Amino acid sequence: MPSSRADDARRIFSGIGATYERAGALLSFGQDARWRERLVSLLDAGSDDAVLDVATGTGLVARAIAERYRCQVVGLDRSADMLGAAAARDGHIPLVRARAESLPFPDESFDHLTFTYLLRYVDDPAATLRELARVVRPGGRIVALDFGVPPNPILRTLWRAYTAIGLPLIGRAISQQWASVGAFLRGSIERFNAAHSQHAVARYWREAGLVDVRVDRMSFGAGVVITAVKPAGTTETLFSRRGPPGLGRLGRHPIARGPSVVPAAFYALAPGGWRDYWTLLHPPYTLWHLSYVLLGAALASMPDPRIVAGSLFAFFLAVGVASHSFDELQGRPLGTRIPSSVLLVMGSLALTGAVALGIVAASLLGPRFLALVVVGATLVISYGLEIPIVHSDIGFAIAWGGFPVIASAAANGAPPVATVVAAVGASLLSLAQRRLSTPVRRVRRKAADVVGEVRYSDGTTERLDRQALIAAPEAGLRLLWLAMLAVSIGALVARWSS
């Protein structure tokens, strides 16, 4: 008699709880952590809320939710091994051993619910979603993470090669058990997606009574985050009800609201047509990064105008077009309507053009310059995949601040000590840019509302809203990119004038 999906999951994942988190990071090249972070960020829970994390495994998502929102979290899984690992890592989160298909909670017990990699391991995904929705209160949000298959044919071929060869090989390097997991996942991911297309899964969510179903493809479609809301009645708020066992009573709290529509960035235009391509280029930030190319050239005693022009064009293609095109493929952070196929072609052609210009430069400057070309291409691809080491604050600062200075200075024959000092300075400026832009971006794109006030020692008060929160750092960003561009142009003109 063939085994069920639930039986397969229990057999394959038994005994790997202690190594689950480390192995997951290795097998996904750090993407799994980024997907989970997106899931948690979309939950938008309040500190008085109760959240059920189904298929909690070792409690990665449950811990992240508790740390981010300071709310009550219950983890549920059918694997005793996984729950044991979760308890060992954080004994403060209540853990329940049960099946997602039959939750041991009354109707409307939780404010929100999350689950990861669940539906492919149950025999009836649609029925399981109805059961999950049953325990969520009206107005609550359900957010899920699962594997996906890249829709682009070229990327799908590369993905298949990795899942067929890379997953088992890396798994075997960890342990024999993980070799079995890698081999199992190789077929499991594609079989599920063949039997239950993304459109079908979204339909299951709607048939479970959920609304505002949104699908967020990440890593070119290899990871999929889905979010939806259980529709509320006519009332504006929820009143105290008896929560899940051990959680006590929950106070009155507002129904979750979606973020208001505001521009994704101060330079972003209204979506549609040519305006999307302007927004995609991030004009102020692209010019800021290109200013580092000019700064690197200005370090040389006699910068060659041809090399400077070629460097500018190569970095424009790599940073302004390729990097931003690949980044927009990851969840549409700028909200453009450019088709994914167009973004992929634009990014690929731009990166190819940048590499070609680098090869031409290497033919003039010597083969050692090829190393910088390879590094540059790797940085663009890594940033597009949002690999943590490059997508972090420090990684961003070095990649888009220090590296352009080094590459341009090397191409123009600048002295090494001056190059290193200038590269450090450019990295620090890019780090400052990141530290200013990250909170502004988070408020612009994710904040549902900002309410408060500042009380001064003289007794006066100042209202705190969204605009007040982002005005100062955004004003600094507007001035900094102009200042850096002017300084770098002035330095280069001074060289050519001497």
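About the cut-offs
- Residues numbered from 1 in each chain as written.
- Predicted model: local features only at pLDDT ≥ 70, side-chain atom pairs only at ≥ 80, totals over all residues.
- Heavy atoms only, no water.
- Pairing = 2+ DSSP bridges.
- Helix = DSSP H or I, 4+ residues; strand = E, 2+ residues; numbered from the N terminus.
- Axes fitted to C-alpha atoms, helices over the stretch in contact; angles between N-to-C directions.
- Contact = heavy atoms within 4.5 Å.
- Phe/Tyr/Trp six-rings, centres within 6.5 Å; stacked < 30°, edge-to-face > 60°.
- Buried < 20%, exposed > 50% of the residue type's maximum accessible area, 1.4 Å probe, protein only.
- Lys NZ or Arg CZ within 6 Å of the ring centre and 35° of its normal.
- Core = buried A, V, L, I, M, F, W, Y, C linked by side-chain atoms within 4.5 Å.
- Salt bridge = Lys/Arg side-chain N within 4 Å of Asp/Glu carboxyl O.
- Expected span 1.5 Å × (residues − 1).
- Bend = angle between axes of the 7 residues up to and from the residue.
- Polar contact = N/O pair within 3.5 Å; in protein donor to acceptor, adjacent residues only side chain to side chain.
- Parallel < 35°, antiparallel > 145°, perpendicular 65-115°, else oblique.
- Left-handed = near helix turned anticlockwise from the far one by under 90°.
- pLDDT = per-residue confidence, 0-100.

## Details of the sheet that holds strand 7 (residues 223-229)
Then comes step 1: Read from one edge of the open sheet, seven strands run 3-2-1-4-5-7-6, paired in mixed fashion. The open sheet has two edge strands with one neighbour each: strand 3 (95-97) and strand 6 (211-218). Taken pair by pair, the neighbouring strands of this sheet meet at an average axis angle of 15°, ignoring direction.
Then comes step 2: Its contacts with the sheet put helix 3 (residues 31-43) on strand 1 (50-54), strand 4 (112-116), strand 5 (141-147), strand 6 and strand 7, and the angle it makes with strand 5 is roughly 170°.

## Some thoughts on the packing of aromatic side chains
Aromatic ring pairs: the centre-centre distance and the angle between the two ring planes describe each pair.
Then comes step 1: Enumeration according to the criterion identifies 12 aromatic pairs in this entry.
Then comes step 2: With a centroid separation of 6.2 Å and an interplanar angle of 85°, the aromatic rings of Phe266 and Tyr285 are classed as edge-to-face. Note that Phe266 is positioned in the loop between strand 11 (253-254) and helix 10 (274-280) and Tyr285 in helix 11 (residues 283-298), a separation of 19 residues in sequence.
Then comes step 3: A relative accessible area of 18% places Phe266 in the buried class.
Then comes step 4: Exposure remark for Tyr285: the relative accessible area of 11% places this residue in the buried category.
Then comes step 5: When the ring of Phe315 is compared with that of Phe403, the centres are 6.1 Å apart and the planes differ by 55°; the resulting orientation is tilted. In this pair, Phe315 is assigned in helix 12 (residues 305-329) and Phe403 in helix 16 (residues 393-412), connecting sequence segments 88 residues apart.
Then comes step 6: Residue classification places Phe403 among the buried positions, given a relative accessible area of 11%.
Then comes step 7: Feature note: the residues Phe266, Tyr267, Tyr285 and Trp288 constitute an aromatic cluster, connected by ring pairs.
Then comes step 8: A cation sits over an aromatic face here: Arg434 above Phe396, 4.9 Å from the ring centre.

## Points about the nonpolar core
Then comes step 1: Counting 34 residues, the largest nonpolar core has Leu52, Val54, Leu113, Phe115, Leu132 and Trp205 as its most contacted members.
Then comes step 2: Ignoring any residue separated from it by four or fewer positions in sequence, one finds Phe115 in contact with Leu39, Asp53, Val54, Leu129, Leu132, Ile142, Val143, Ala144, Leu145 and Trp205.
Then comes step 3: Formed by 33 residues, the second largest nonpolar core is a distinct cluster that contains Leu290, Phe326, Leu329 and Phe369.

## Brief notes about the pattern of salt bridges
Then comes step 1: For the structure shown, the criterion picks out 14 salt bridges.
Then comes step 2: Salt-bridge contacts for Arg214 lead to Asp212; the nearest nitrogen and oxygen are separated by 2.9 Å.
Then comes step 3: In this structure, Asp304 and Arg306 form a salt bridge, with 3.0 Å as the shortest nitrogen-oxygen distance.
Then comes step 4: Under the relative-accessibility criterion, Arg306 is labelled exposed at 68%.

## Concerning helix 12
What sets the pattern is the α-helix's 3.6 residues per turn: residues three or four places apart point alike.
Then comes step 1: In this model, helix 12 (25 residues) spans 35 Å end to end at C-alpha, consistent with the 36 Å of a helix rising 1.5 Å per residue.
Then comes step 2: Maximum bend of helix 12: about 30°, positioned at Phe316.
Then comes step 3: Two to three positions downstream of the cap, the backbone nitrogen of Arg306 sits 2.9 Å from a side-chain oxygen, assigning the N-cap of helix 12 to Asp304.

## Let's talk about the packing of helix 3 against helix 4 (residues 60-69)
Then comes step 1: Where helix 3 contacts helix 4, the axes come no closer than 10 Å and their chain directions differ by 45°. Classified by the angle their axes make, helix 3 and helix 4 are oblique. When you trace helix 3 past helix 4, the crossing you get is right-handed. When helix 3 is examined against helix 4, the residues Arg36, Leu39, Val40, Ser41 and Leu43 are found in contact with a partner set consisting of Leu60, Val61, Ala64, Ile65, Arg68 and Tyr69.

## Points about the confidence of the model for the protein
Then comes step 1: Here the protein shows a mean pLDDT of 83. Residues at 70 or above account for 83%.
Then comes step 2: Across residues 234-243, confidence stays below pLDDT 50; counting only partners more than four residues off in sequence or on other chains, it has 26 contacts.
Then comes step 3: Within the model, pLDDT remains below 50 along residues 245-261, and this stretch shows 48 contacts once partners closer than five positions in the same chain are excluded.

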